[in-house]
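Reading the structure
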Amino acid sequence: RGCACRGTMGLAHLSCLVWQAEVSVREVEEWDTGEGFRKWERCFDCGQNFHGPVYAALGWAAWKTYLGRSEADGYRGAALGCLGNALRSSGRNAEALPVFEATMALLRRYATDEDNVLIQQHNFASCLGALGREDEALVLRRETYARRVATLGISHE
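Residues numbered from 1 in each chain as written. Predicted model: local features only at pLDDT ≥ 70, side-chain atom pairs only at ≥ 80, totals over all residues. Heavy atoms only, no water.

1. Some details on the pattern of salt bridges
Under the definition given, this model contains nine salt bridges. The salt bridge partner of Arg 109 is Glu 71, with a shortest N-O separation of 3.1 Å. Placement of the pair is Arg 109 in helix 4 (residues 93–110) and Glu 71 in the loop between helix 2 (52–66) and helix 3 (74–89), with a sequence separation of 38 residues. By relative accessible area, which is 49% here, Arg 109 ends up partly exposed. Arg 141 serves as the salt-bridge partner of Glu 134, at 3.5 Å between the closest nitrogen and oxygen. Residue classification places Glu 134 among the partly exposed positions, given a relative accessible area of 42%. Here the salt bridges share partners, and the residues they tie into one network are Glu 29, Arg 69 and Asp 73. (Salt bridge = Lys/Arg side-chain N within 4 Å of Asp/Glu carboxyl O. Helix = DSSP H or I, 4+ residues; strand = E, 2+ residues; numbered from the N terminus. Buried < 20%, exposed > 50% of the residue type's maximum accessible area, 1.4 Å probe, protein only.)

2. So, the nonpolar core
Counting residues in each nonpolar core, the largest one holds 37 residues, and the members touching the most others are Phe 37, Trp 40, Phe 50, Tyr 66 and Phe 124. Elements with a minimum of two residues in this core: helix 1 (14–31), helix 2, helix 3, helix 4, helix 5 (114–130) and helix 6 (134–152). Contacts of Trp 40, omitting those with residues within four sequence positions, involve Val 18, Ala 21, Glu 22, Val 25, Phe 50, Tyr 55, Leu 58, Ala 61, Ala 62, Thr 65, Tyr 66 and Cys 82. (Core = buried A, V, L, I, M, F, W, Y, C linked by side-chain atoms within 4.5 Å. Contact = heavy atoms within 4.5 Å.)

3. Some remarks on the packing of helix 2 against helix 3
Remark: helix 2 packs on helix 3, axes separated minimally by 8 Å, with the N-to-C direction vectors making an angle of 160 degrees. Of the possible angle classes, the one that applies to helix 2 and helix 3 is roughly antiparallel. Seen from above, helix 2 lies across helix 3 with left-handed handedness. Contact residues: helix 2 offers Tyr 55, Ala 56, Gly 59, Trp 60, Ala 62, Trp 63 and Tyr 66, while helix 3 offers Tyr 75, Arg 76, Ala 79, Leu 80, Cys 82, Leu 83, Asn 85, Ala 86, Leu 87 and Ser 89. (Axes fitted to C-alpha atoms, helices over the stretch in contact; angles between N-to-C directions. Parallel < 35°, antiparallel > 145°, perpendicular 65-115°, else oblique. Left-handed = near helix turned anticlockwise from the far one by under 90°.)

4. Digging into the packing of aromatic side chains
All told, the structure shown has five aromatic pairs when counted by the stated rule. Ring centres of Phe 37 and Trp 40 lie 6.2 Å apart, and the angle between their planes is 35 degrees; this geometry places the pair in the tilted category. By way of ring pairs, the aromatic residues Phe 37, Trp 40, Tyr 66 and Tyr 75 are connected into one cluster. (Phe/Tyr/Trp six-rings, centres within 6.5 Å; stacked < 30°, edge-to-face > 60°.)

5. Examining helix 3
Here helix 3 contains 16 residues, and its C-alpha end-to-end distance of 22 Å stays within 8% of the 22 Å for a straight helix at 1.5 Å per residue. Taken residue by residue, helix 3 has Tyr 75, Arg 76, Gly 77, Ala 79, Leu 80, Gly 81, Cys 82, Leu 83, Gly 84, Asn 85, Ala 86 and Leu 87 as its buried positions. Of the surrounding elements, those touching the buried residues of helix 3 are helix 1, helix 2, helix 4 and helix 5. The opening residue of helix 3, the one whose side-chain oxygen lies 2.9 Å from the backbone nitrogen of Tyr 75, is Asp 73. Two residues or fewer after helix 3 comes Gly 91, characterised by a positive phi angle close to 80 degrees. (Expected span 1.5 Å × (residues − 1). Polar contact = N/O pair within 3.5 Å; in protein donor to acceptor, adjacent residues only side chain to side chain.)

6. So, helix 6
When the terminal C-alpha atoms of helix 6 are compared, their 26 Å separation across 19 residues agrees well with the 27 Å that a helix rising 1.5 Å per residue should span. Those residues of helix 6 hidden inside the fold are in contact with helix 5.

In structure tokens:
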């Protein structure tokens, strides 16, 4: 089980979860309704974020689904970030690190949402810290904090 659902509610084919997430993204793209990308990371029934092997499998599936899109496509960047987060949350930090590096490179080139950049930068710093690279993590955390204060103001610390 990759969420908080119990009994038969907690059982779903991975392919069904992928299909549900793909449909949700298409609904946003075509009709501007629905949950969009969130279904790649959150259970439709219980609302809890996926975890463990289910989240890792969905992260890989999201990346495979949107890999063919242009680098500037927001869903491609979201899929890459989802994969990095899934690997990191599964304790696979060494695998997550190059994914976060690629995510940050994409965001630096194409992102228009500063908040998303800061979230991914924080996740990247957490991954570095988990790998024992605390000095690098601290530099990123300080930069993230300074940019957040500059963007949102001191009252949002």
